[in-house]
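Architecture at a glance
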Amino acid sequence: MTAERLTIVIAAFNEADSLPVLHPRIEAQLDALARDGIDAQVLYVDDGSRDATWQVMQHLAAADRRIALLRLSRNFGKELALTAGLDRVDEGAALILDADGQDPPELIPQFVAKWREGYDDIHGTRMEREGERWLKRVTAHAFYRVIGALSKTPIPADTGDFRLLSARALHALQQLRERHRFMKGLFGWVGYNRIAIPYHRDPRMAGSSKFNFWRLWNLALEGITSFSTAPLRLATYLGLLTALVAFLYGVAIIVKALLWGDPVAGWPTMMSVILFLGGVQLIALGVIGEYLGRLYDESKQRPLYLVDSWQPASPARPAHA
Ligand code: UDP
Ligand code: MG
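The shown structure was predicted, so the numbers you read here are calculated from the model rather than taken from an experiment.

Points about the coordination of the magnesium ion (ligand 2)
Here the magnesium ion (ligand 2) is held by D100 (OD) and Q102 (OE1), and the distances to it run 1.8 to 1.9 Å. Here D100 falls in the buried class, since its relative accessible area comes to 3%. Among the residues examined, Q102 registers a relative accessible area of 9% and is labelled buried.

So this is what it looks like as structure tokens:
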């Protein structure tokens, strides 16, 4: 009998302090899954860490045959690190988890239960965000509302990358090769049977968040430009509206000049009109530029990531099978 295969994919960037704490919790889950007849493995992806993460990973892999390791040639960012990891899962389902313990591995059985019920995309939805400042909560909340309104692809709010993808959902995801990868959107694009599992997101076990405000802002821009062209349309409407107002104002000036003559004045109005139009034009150009830049990036057709080292799990027939 061939067991169902589940690969837990974990992207890590400078997580040398977290991994040794996280791994025993993962290991306990692997054992439990094996008892349940599931052939479970872990794939750790080292996203070009500059600390001892790779050494820690190798140390862990030496002790357990169920661990596969992938090391990228440099830091490509979480989205690409996950892509690289998921690309290496050639059989069965995949479960994505953060390396810092914020997504509790103890919930894996719940995800697996839903998988067995036939769901394809089981995603964890945060009920509360602990250890995060109010600014991050407020902006995150706003972001999910904006993208929800703009994008035609369903992107569930407050959902991170903690999720289980069935083999067919994973296969679909592997076919999406775009460079600007907003994973939450890509998962949503894939579709199939989706279900949310509400969970309590723990604070980080060690180290600090790799996403500062600037990186999150860029991720938000990525999300909006990758999954919506609404800003382009907005620029069009803004242009139309300004043109209309400018036309009406022009008529008013002409009528006024015909009726009452034209004493030379109006420097303040002229300046404000010029500055306003200039501003509107620059905004519209900037919006177009955002899309153009992404188009340029895609057109280069570079590989998404480069692999430095790949160490598959050794043929997994766990000891107790
Ligand atoms: N991560 C990564 N590459 C990066 C940044 C982060 O692989 O360039 C990993 C990181 O090691 C962690 C996960 O992505 O496993 C989430 O990162 P983090 O905890 O810093 O983000 P937060 O939870 O604060 O959103
Ligand atoms: Mg985290």
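A closer look at the packing of helix α6 (residues 167–174) against helix α7 (residues 183–190)
Packing of α6 against α7 brings their axes to within 10 Å, and their N-to-C directions diverge by 120°. Judged on the interaxial angle alone, α7 and α6 are oblique. Once α6 is placed against α7, the crossing between them reads as right-handed. Of the residues in α7, those in contact with A169, A172 and L173 of α6 are M183, L186, F187 and V190. Taken together, the residues of the contact of α6 with α7 break down into seven nonpolar, no polar and no charged.

Some words on the environment of F227
With respect to the helices and strands, F227 occurs in helix α8 (residues 213–227). The sequence separation of F227 and I147 amounts to 80 residues, and the corresponding C-alpha distance is 8.2 Å. If we skip the residues at most four places from it in the chain, F227 touches S151, K152, T153, F182, G185, L186 and W189.

Scoring rules and cut-offs
- Residues numbered from 1 in each chain as written.
- Chains lettered and ligands numbered in written order.
- Predicted model: local features only at pLDDT ≥ 70, side-chain atom pairs only at ≥ 80, totals over all residues.
- Heavy atoms only, no water.
- Donors = N, O, S within 2.8 Å, 3.2 Å for Na, K, Ca; no water.
- Buried < 20%, exposed > 50% of the residue type's maximum accessible area, 1.4 Å probe, protein only.
- Axes fitted to C-alpha atoms, helices over the stretch in contact; angles between N-to-C directions.
- Helix = DSSP H or I, 4+ residues; strand = E, 2+ residues; numbered from the N terminus.
- Parallel < 35°, antiparallel > 145°, perpendicular 65-115°, else oblique.
- Left-handed = near helix turned anticlockwise from the far one by under 90°.
- Contact = heavy atoms within 4.5 Å.
- Nonpolar A, V, L, I, M, F, W, Y, C, P; charged D, E, K, R; others polar.

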